[in-house]
Amino acid sequence: MAAFSDILGNEQIIEHLQNAIRMGKVSHAYIFNAPESSGKRMIAEAFAAALQCEKKETEACGECHSCKQARSHNHPDIIYVQHAKPNTISVDDIRVQINQDIVIKPYSSPYKIYIVDEAEKMNVQAQNALLKTIEEPPAYGVILLLTTNADLFLPTILSRCIRLDLRPVADDKLKDFLMKKCGVVDYQADLCVDFSQGIVGKAVTLASSAHFNEIKEAALQLVKRVKDIELSEMIGAVKHISEYKLDINDFFDIMMIWYRDVLLYKATADVNGLIFKDEVYEIKKQANTSSYHGIELILEGLEKAKMRLDANVNFELVIELLLLTLKEN
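Only a predicted model underlies this, so the values are computations on that prediction, with no experimental measurement involved. (Residues numbered from 1 in each chain as written. Predicted model: local features only at pLDDT ≥ 70, side-chain atom pairs only at ≥ 80, totals over all residues. Heavy atoms only, no water.)

**Quick notes on the overall build of the protein chain**
Alright, step 1. In terms of regular secondary structure, the protein chain is built from 15 helices and 5 strands.
Alright, step 2. Seen through its C-alpha atoms, the protein chain measures out along the principal axes to roughly 70 × 40 × 30 Å.
Alright, step 3. Across the 329 residues that make up the protein chain, the buried fraction comes to 49%.
Alright, step 4. Taking the intrachain contacts of the protein chain between residues at least 6 apart in sequence as the baseline, contacts between residues at least 24 apart amount to 72%.
Alright, step 5. A total accessible area of about 16300 Å² is found for the protein chain, and carbon and sulfur atoms account for 50% of it. (Helix = DSSP H or I, 4+ residues; strand = E, 2+ residues; numbered from the N terminus. Buried < 20%, exposed > 50% of the residue type's maximum accessible area, 1.4 Å probe, protein only. Contact = heavy atoms within 4.5 Å. Areas by Shrake-Rupley, 256 points an atom, 1.4 Å probe, with all protein chains shown as cover.)

**Quick word on the nonpolar core**
Alright, step 1. By size, the foremost hydrophobic cluster in this structure holds 51 residues, and its most contacted members are L178, M234, F252, M255 and Y259.
Alright, step 2. Take this core: its biggest share by element is 11 residues, from helix α12 (residues 248-268).
Alright, step 3. Excluding residues that lie within four positions of it along the chain, M234 makes contacts with L222, I229, M255, I319, L322, L323 and L326.
Alright, step 4. Judged by nonpolar contacts, the second largest core, of 33 residues, contains I21, A44, A50 and I78. (Core = buried A, V, L, I, M, F, W, Y, C linked by side-chain atoms within 4.5 Å.)

**Comments concerning unusual backbone geometry**
Alright, step 1. The phi dihedral of N10 falls on the positive side, at around 55 degrees, and the residue is not glycine.
Alright, step 2. Residue placement: N10 occurs in the segment before α1 (11-23).
Alright, step 3. Positive phi values are uncommon outside glycine, yet E118 reaches one of about 50 degrees.
Alright, step 4. Tracing the backbone through its elements, the reader meets E118 in the loop between β3 (112-116) and α5 (124-135).

**Focus: α5**
Alright, step 1. Relative to the 16 Å expected for 12 residues at 1.5 Å per residue, α5 spans 16 Å between its end C-alpha atoms, a close match to the ideal helical length.
Alright, step 2. A126, Q127, A129, L130, L131, T133 and I134 are the residues of α5 that are buried. (Expected span 1.5 Å × (residues − 1).)

**Brief notes about the pattern of salt bridges**
Alright, step 1. What the rule picks out here adds up to 15 salt bridges.
Alright, step 2. Among the salt bridges present, the one from K112 reaches D101, with a minimum N-O distance of 3.1 Å. Of the two residues, K112 is situated in strand β3 and D101 in the loop between α4 (91-99) and β3; the sequence distance between them amounts to 11 residues.
Alright, step 3. Taking relative accessible area as the criterion, K112 reaches 5% and is therefore assigned buried.
Alright, step 4. The closest approach of N and O atoms between E279 and K224, which form a salt bridge, is 2.9 Å. Of this pair, E279 sits in the loop between α12 and α13 (280-289) while K224 sits in helix α10 (residues 212-224), placing them 55 residues apart in sequence. (Salt bridge = Lys/Arg side-chain N within 4 Å of Asp/Glu carboxyl O.)

Right, here's the structure in full:
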């Protein structure tokens with residue numbers, strides 16, 4: 001379990017939470033809203049550990065019995081709400097794990113803290129059941145809702161929680177972090193930063209991948225040879241990505257970075273701002289043979305492909321439509 005000092009970025013949110021602890025004004029319900037892999041669980045766990053720490057400071061000490069229990073996810077008063085169905089948190093999940101449990105006083109701590117990950121999966125009945133507890137919580141109760149989309153919550157839930165929207169980490173901070181923590185070189189860090197859009201977990205996943213260069217080369221081979229490749233080759237290349245335990249959308253993001261480089265060079269003729277600086281010859285060639293409108297259509301096509309896959313549209317159809325867009329432009 002992380003401490004606040006381990007977390008990169010979102011200093012204002014951390015300061016807000018530490019001030020709440022310092023002033024004794026901890027709310028009974030918080031919403032941590034951010035994309036997947038952005039660190040919201042780390043912040044929620046650091047907050048929970050600090051609240052329960054026996055030294056009663058604004059940062060978990062990491063040494064007391066409470067902190068050791070929190071680190072091993074074995075703290076009796078930090079409860080992780082589970083759900084049996086993968087896509088739904090049901091009313092029974094909330095009633096049994098929160099509503100019926102919260103009436104029992106903390107076992108050994110000042111607070112009883114409930115961490116609800118993927119909280120956007122609560123159905124309406126589950127949210128209404130939770131609302132009853134949030135409206136009249138015991139003094140020791142703290143509920144932390146972690147979500148990728150807070151707008152899916154009922155207005156009544158939103159109005160009774162403190163909403164904390166995590167922000168992307170600044171590029172320079174993230175690049176420095178990747179180079180020091182993951183040991184990646186300058187160029188690789190730039191690529192990870194650009195494609196992750198400030199989401200730390202996403203950047204670390206790519207930077208830590210033993211297959212990073214293979215993934216990058218596979219994507220670049222496609223964009224360089226797009227006029228010549230057949231549908232079967234592209235389908236095979238994209239399917240191959242899953243073997244590296246990375247999301248197909250990540251592969252598309254690398255392709256998007258390439259086409260943004262092409263667009264940037266076409267507009268400015270400046271190589272300094274390029275991510276793929278070592279591919280400047282190919283980028284110049286594509287910039288000279290592509291129109292602004294064509295490059296924009298390709299970028300739109302990649303976004304559409306990601307959205308279609310997320311919506312479970314037939315995989316081969318998605319790739320066929322994308323390849324058609326790439327070849328035409």
